[in-house]
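Chain and residue survey
One-letter residues, chain by chain:
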Amino acid sequence: MGCMAQSTLYGKITDKQSKPISDVKVSVANTKIATSSNEKGDYALTIPSDTTVTIEFSHVSFGIRLKSVHLSKGDKAKSDISIEAVKSLDTVVIEDKVTRSNFIQTIPTKDIYVQQGASGDFNVILFTQLGVQQSNELSSAYSVRGGNFDENLVYVNDIEVYRPFLIHSGQQEGLSFVNSDMVAAINFSSGGFEARYGDKMSSVLDIRYKKPRTFSGSASAGLLGSAVHLEGASNDKRFTYLVGIREKSNSYLLKSLDTKGEYNPLFYDMQSYLTYNINDEWEFDFLSNIAKNKYRLIPQTRKSTFGTVNQALQMNVYFDGQEVDDYQTLMGAFSSIYRPYGKDLTLKFIASAFNTRENETFDILGQYYLNELETDFAKDDFGKSTYNIGTGGFLNHARNYLNATVYNFEHKGNKHITPPPSKRNIAREIWWGIKYQREIIHDKLSEWAMVDSAGYSLPHAADSTGYTNPADQPYQYLEMNELTKSRNDLSSNRFSGYVQHAFSWDAKDTSEFTFTAGVRANYWDINQQLLITPRATLSYKPRWKHDVLFKASSGYYYQPPFYREMRDFNGVVHRDVKAQRSIHYVLGQDINFKSWGRPFKFITEVYYKHLDNLIPYEVDNVRIRYLAENNAKGYTTGIDMKMNGEFVKGIDSWFSLSVMKTMYDITDDHYYIYLNSYGDTIVRGYSSNNKAVDSIRVNPGSIPRPTDQRVTFSLFFQDYLPNLPRCKMHMNLLFGTGLPFGPPTHELYKNVLRMPPYRRVDIGFSYEIVKQKPLPSLPIGEEQSVQAPPNGRGWGWASIWFSLEVNNLLGVNNTVSYFWVRDVTGRQYAVPNYLSARLLNARIMVRF
C-alpha cells in the first residue's frame, strides 16, 4: 500500500446458526485489498485510514454483506458479521436447513439457459419438476397435483405475479413475467408449503432476481425471438442495476399448426430491478415491468385428419375474417428493507401496483366439410375422400375488453433468535407479515357463436311449417349456439397476514429435528369471509451413514375467489362465492448420496388432498370457465418421485415420475336417460325410434376433474463429448396420460372421455464458439493482491454459444382440445385441435 495511512478491521464471520464460516472473502470494494476468514471464522484486514471505504463480505455458498467503515490512522475496530446461505448459484446448489426441511425444491439456475423448448419461456424448467403437469408446449401455464392454472402462486422478489384473464389459447400467450436472464434463485413447492406463502391451493414458485457485483450481460437471438440484458454495480457496490428486454415472435412456430393463414404475433417486454444501499442497514429496491403482447391471425384453411383405422375422417375448413388481440401489462413495486446491524432482524415494506388492459376481438366465419376416407389399402383411392357425411358453417364473434388494477401495501419481516451459549444446538426463526390489497376491475364481454348445420341454424327453433294464417305464427327468435353479453365493475379490498415460527434442534450424535408452524388469516369485503389457515411441517434427520431426511406436513389451504372464479359461463358475477378449500397431508423423504463418486438426490413424496367448497370449471385449451358456485367436493391423491444428479460428470440431469388421481362430485348434476317403446336408450343420430315413453334419472357421482392426468413422466438429460466438452447435448422428454374432455354442452358430468396421451421429445445441440476465460484462483487465508479486471468486466471478453434444437423430435400430433361438428343425422364428432409439429430452431447467445 506504499505510504498510505493504515488501520485494521477484524472480527468473526458466522452463519444464522452462529456457526463460524471459513473461506469468506473480505475485501475493500473496487480495490485489490482482500483477505479471507480462517476455519474459526476470524479475519483481519488492513484498510486505508481517514477515509470511508466499503467492505464486502462474500462466499461462494453465502450471501454478500456490505459495511461502510471509517477509521483513523492506527485504529483497530472489531466487526462481527452474520451472513445467510443462498439457495441457488450458477454452478452449485446450496440448501440451508430451513429450505430442505420444508417441502421446497431448489432448482439450479444454470439450467434455465439450456431448457428453452418451443415457447422459449422460463416456465419450461418447471415442466420436469416434482408433481408438475403440462400438456401444451405453446403455453407457459402448468398444473400441479391436480390443480388448475389459477391455483399456483408465483412470486418475484416477494411480489405476486398474475396470469392474464382473457387468453383463449396457447398461441395467444406472449412472454411470461419471469425473465430467465435476471434470475438468481428458484424455489418451488408442489404442496405442503409454509404459512408465509399466500392463499392458493396447489403450489408456490418463489423467484429471486440477481443483485450483480460487476458489469456483465448477455444477448441472444433465434428463430422464435431475441433477448438482451445488462447488469452491474457502482464502484462502492451500493447501487446495482439489472435490465432485461425480450422480444418473441412465434409466427414460425404457429405455421406448423393445422390452421393455415397469416400469423402476426409480436410480444415484447422490458424489466428492470434496481437496488440501493444508502447505508449498512437500509436498502431500497425497485422492480418494474412493461409488457405488450399483440396477436393477429387471418385464418385461411384448415385440414384435420382423425378417427380410427376402420373409420378415418377428414375435415376441411375455409375461413374468412380475422382475430386481433392486444394485451398490455404494467407493474411497479418499491421495497424498503431495514436490517439493523447485529440484530439478525429483517424488516421489509412493499408498495406495488399492477395493471392489465386486455382487448380480444375477432370475427371468424368458417365453412366446413366432413368427409369419410377410404381405409382399404388395396384400393387405388386409399386415404382419399369417399363421400361427404356433413357440411356446415360457423360464425364466431367477440368484443371483449378488460381493465384490471391491483394495489398492494405489505410489511413482512423475519427474526433469527440467537440461542444462549449453553443452547447452541437450538435455533429459532420467526416470520411475520401483513398485507392490504385493493382490486379494481372493469370488464365488458360481448361474445357469441352461431352454428349452421346442413342449412339450419343450431339450436333450431320451431319453424312455421303447417301454418296457413301468418298471424298465428309465433315470433321467431334467432338463437345462438353460445351467447355471452355482460358488463361488470368490481372494486374490493382484501386483508391478510401471517405469523410463522421455525424451531431447529440438533442432537449432534443422534439426529436433527426441525418443526415449522404458522397460521394465516384472510378477509375479503365482497363475500365478507374470514379465513384462518394453520399449517405445520416436521422434519427428522437421523445420523445415518447416508444423508437422509424424513418430513411430514399438513395444513389448510384456502383459495379466496378472484374475479375469474366469480364469473359464470354467461358473464354474470356471483358476489356470494366463497373460498375453495384444500387440506394437505404430505409425507416425504429426501436422500443425498453419491454414486460413481458423484452427487445425487432422490425425493419421494406421498400426498392426499381433501377438497371441498370447490367451484367446478371446464378447460378449453388454456381458457378456464367457472360455474361460479361452491357446489362440489373431491380429493386428490398420489405419489411423486424425482432423481437428480450428475449422471454425466459435471452437469445435472433429472427425471420425475408421478402417479395421481383427482376426482370431484358436483351436487345436483343429475340427468335423465330416455327410453323408446322398445326399451332402448334414445341416442340422437343413432336410434331409429326417437319417441320417448319412459325416463331414468342418473346421478353421476364422482367424476374426474379436468386435470386428472393419472401418470406423468419427465426427463431432462445433458451430455457432452468427452474430448470436446464445449459441444453439449440436452434432451427434454414429457409423457402424460390423457386428460378428460366432453361435448361443449357445459354439462360437466359428460366430461369422462379421454384425450390421447401427451408425448413430446425435444433435443438440442450446442457448441461454445468462443470460450470465456475463467477467473484466476486465489489463495486463502492471507492478504491478496489480485489486479482487478479492467472496467469491472471480468476476465475474458465473452463466451459465444450456438445451438440447434429439434422440437417435437418424434413428430407426434398431440391434442390440446376439440372442435365439435355435426353430420346430416345430428351425430357429433370431436375434431382434435393439434399442437405444433416437428420444428427446427437455431439460436445464438453471447454472454459477457
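This text follows the structure it describes.
Here's what I pulled together on the structure shown here. All of these numbers come straight from a predicted model, not from anything done at the bench. Every chain begins its residue count from 1, and numbering advances along the sequence as written. Where local features are concerned, this predicted model is filtered to residues with pLDDT of at least 70; where side-chain atom pairs are given and counted, the filter is 80 or more; whole-chain, interface and lining totals use all residues. Note: side-chain values were computed over all heavy atoms of the structure, leaving out hydrogens and water.

**So, the overall build of the chain**
The number of helices and strands found in the chain is three helices and 48 strands. Counting over 848 residues, the chain shows a buried share of 54%. Contacts are assigned to residue pairs with any non-hydrogen atoms lying within 4.5 Å of each other. By sequence separation, contacts in the chain at least 24 residues apart represent 68% of the contacts at least 6 residues apart. Surface accessibility follows the Shrake-Rupley procedure with a 1.4 Å probe radius. Residue values consider only the protein chains on display as shielding. When the accessible surface of the chain is summed, it comes to about 37700 Å², and 56% of that surface belongs to carbon and sulfur atoms. Strands here mean DSSP runs of E at least two residues long; helices mean DSSP runs of H or I at least four residues long; both are numbered from the N terminus. Here the term buried applies to any residue with accessible area under 20% of the maximum for its type, exposed to any over 50%, and partly exposed to those in between, with areas from a 1.4 Å probe on protein chains only.

**Brief notes about a nonpolar patch on the surface**
Only residues whose relative accessible area exceeds 30% and that form no salt bridge are eligible for patches; like-charged ones are grouped when within 9 Å, while nonpolar side chains (Val, Leu, Ile, Met, Phe, Trp, Tyr) are grouped when within 5 Å. The term salt bridge refers to a pairing of a side-chain nitrogen on Lys or Arg with a carboxyl oxygen on Asp or Glu at a separation within 4 Å. Residues Leu-223, Tyr-252, Leu-721, Leu-724, Tyr-767, Ile-769, Val-770, Phe-802, Leu-804, Leu-840 and Ile-844 make up a contiguous nonpolar surface patch of about 880 Å² in total accessible area. Looking at the nonpolar patch, the elements with two or more residues in it are strand 43 (758-770), strand 45 (799-807) and strand 48 (839-847). Per element, the largest residue contribution to the nonpolar patch is three residues, and it comes from strand 43. Residue position: Phe-802 is located in strand 45.

**Observations regarding the sheet that holds strand 12 (residues 152-156)**
Paired strands are those between which DSSP finds at least two bridges. Read across the sheet, five strands follow the order 9-14-15-12-13 without closing on themselves; strand pairing throughout is mixed. Two strands close off the open sheet at either side, each with one partner strand: strand 9 (105-107) and strand 13 (159-160). Relative to strand 14 (residues 183-189), strand 9 runs antiparallel, the two sharing three bridges. The residue bridging Ile-107 from the neighbouring strand is Ile-186, located in strand 14.

**A few points about the pattern of salt bridges**
The final tally for this structure, using the stated rule, is 39 salt bridges. Measuring nitrogen to oxygen at the nearest pair gives 2.7 Å for the salt bridge that ties Asp-640 to Arg-145. With a gap of 495 residues between them, Asp-640 in strand 34 (residues 632-648) and Arg-145 in the loop between strand 11 (143-144) and strand 12 connect regions that are remote in the sequence. Assigned by exposure class, Asp-640 and Arg-145 land together as buried.

**Quick word on unusual backbone geometry**
Even without a glycine there, the phi angle at Asn-157 is positive, about 50°. Inspection of the secondary structure assignment puts Asn-157 in the loop between strand 12 and strand 13. The exposure class of Asn-157 is buried, given its relative accessible area of 7%. One non-glycine residue with positive phi stands out, namely Lys-237, at about 65°.

**Description of the environment of Ile-337**
Tracing the backbone shows Ile-337 in strand 21 (residues 312-338). Residue classification places Ile-337 among the buried residues on the basis of a relative accessible area of 5%. Spatially, the C-alpha atoms of Ile-337 and Phe-349 are 6.5 Å apart, while their sequence positions differ by 12 residues.

**Observations regarding the nonpolar core**
Residues Tyr-142, Leu-205, Ile-207 and Tyr-209 are the most contacted members of the largest nonpolar core, which totals 70 residues. Beyond its immediate chain neighbours, meaning those up to four positions away, Ile-207 contacts Phe-122, Tyr-155, Val-156, Asn-157, Val-178, Val-183, Ala-185 and Ile-186. Working definition of a nonpolar core: buried Ala, Val, Leu, Ile, Met, Phe, Trp, Tyr and Cys residues. They are joined through side-chain atoms within 4.5 Å. In this structure, Ile-21, Tyr-43, Ile-47 and Val-69 belong to the second largest nonpolar core, which totals 18 residues.

**What to know about the packing of aromatic side chains**
Pairing of aromatic rings covers Phe, Tyr and Trp, the last through its six-membered ring, and needs centres within 6.5 Å; plane angles under 30 degrees mean stacked, over 60 mean edge-to-face, and all others mean tilted. Throughout the structure, instances matching the rule amount to 32 aromatic pairs. Aromatic pair Phe-193 and Tyr-557: ring centres 4.8 Å apart, planes at 70°, arrangement edge-to-face. Of this pair, Phe-193 sits in the loop between strand 14 and strand 15 (203-209) while Tyr-557 sits in strand 29 (residues 547-559), placing them 364 residues apart in sequence. One exposure class covers both Phe-193 and Tyr-557, and it is buried. Here Phe-215 and Phe-848 contribute two aromatic rings whose centre-to-centre distance is 6.2 Å and whose plane-to-plane angle is 40°, an arrangement assigned as tilted. Of this pair, Phe-215 sits in the loop between strand 15 and strand 16 (216-222) while Phe-848 is found in the segment after strand 48, placing the two residues 633 residues apart along the sequence.

**Brief notes about the environment of Phe-503**
For Phe-503, the position within the fold is in strand 26 (residues 482-506). By relative accessible area, Phe-503 is classed as partly exposed at 33%. Separated by 13 residues in the primary sequence, Phe-503 and Thr-516 place their C-alpha atoms 6.2 Å from one another. Apart from the residues within four sequence positions on either side, Phe-503 is in contact with Ile-426, Ala-427, Arg-428, Phe-513, Thr-514 and Phe-515.

**Looking at the environment of Ile-426**
For Ile-426, the location among the structural elements is in strand 24 (residues 426-453). Sequence-wise, Ile-426 and Ala-507 are 81 residues apart; in three dimensions their C-alpha atoms are separated by 9.0 Å. In contact with Ile-426, not counting residues within four places along its chain, are Pro-419, Phe-503, Ser-504 and Trp-505.

**As for the pairing of strand 27 (residues 511-524)**
Summarising the sheet, strand 26 and strand 27 pair through 13 bridges and their orientation is antiparallel. If you follow Ser-504 over to strand 27, its bridge partner there is Thr-514. Two successive antiparallel strands, strand 26 and strand 27, enclose a turn made up of four residues, where Lys-508 displays a positive phi of approximately 60°. Two strands pair when backbone bridges link them, and strand 27 and strand 28 (residues 529-542) are joined in this way by 14 bridges, in the antiparallel orientation. Bridged to Trp-524 within strand 28 is Gln-529. Counted between consecutive antiparallel strands, the loop separating strand 27 from strand 28 contains four residues, among which Gln-528 sits at a positive phi close to 50°.

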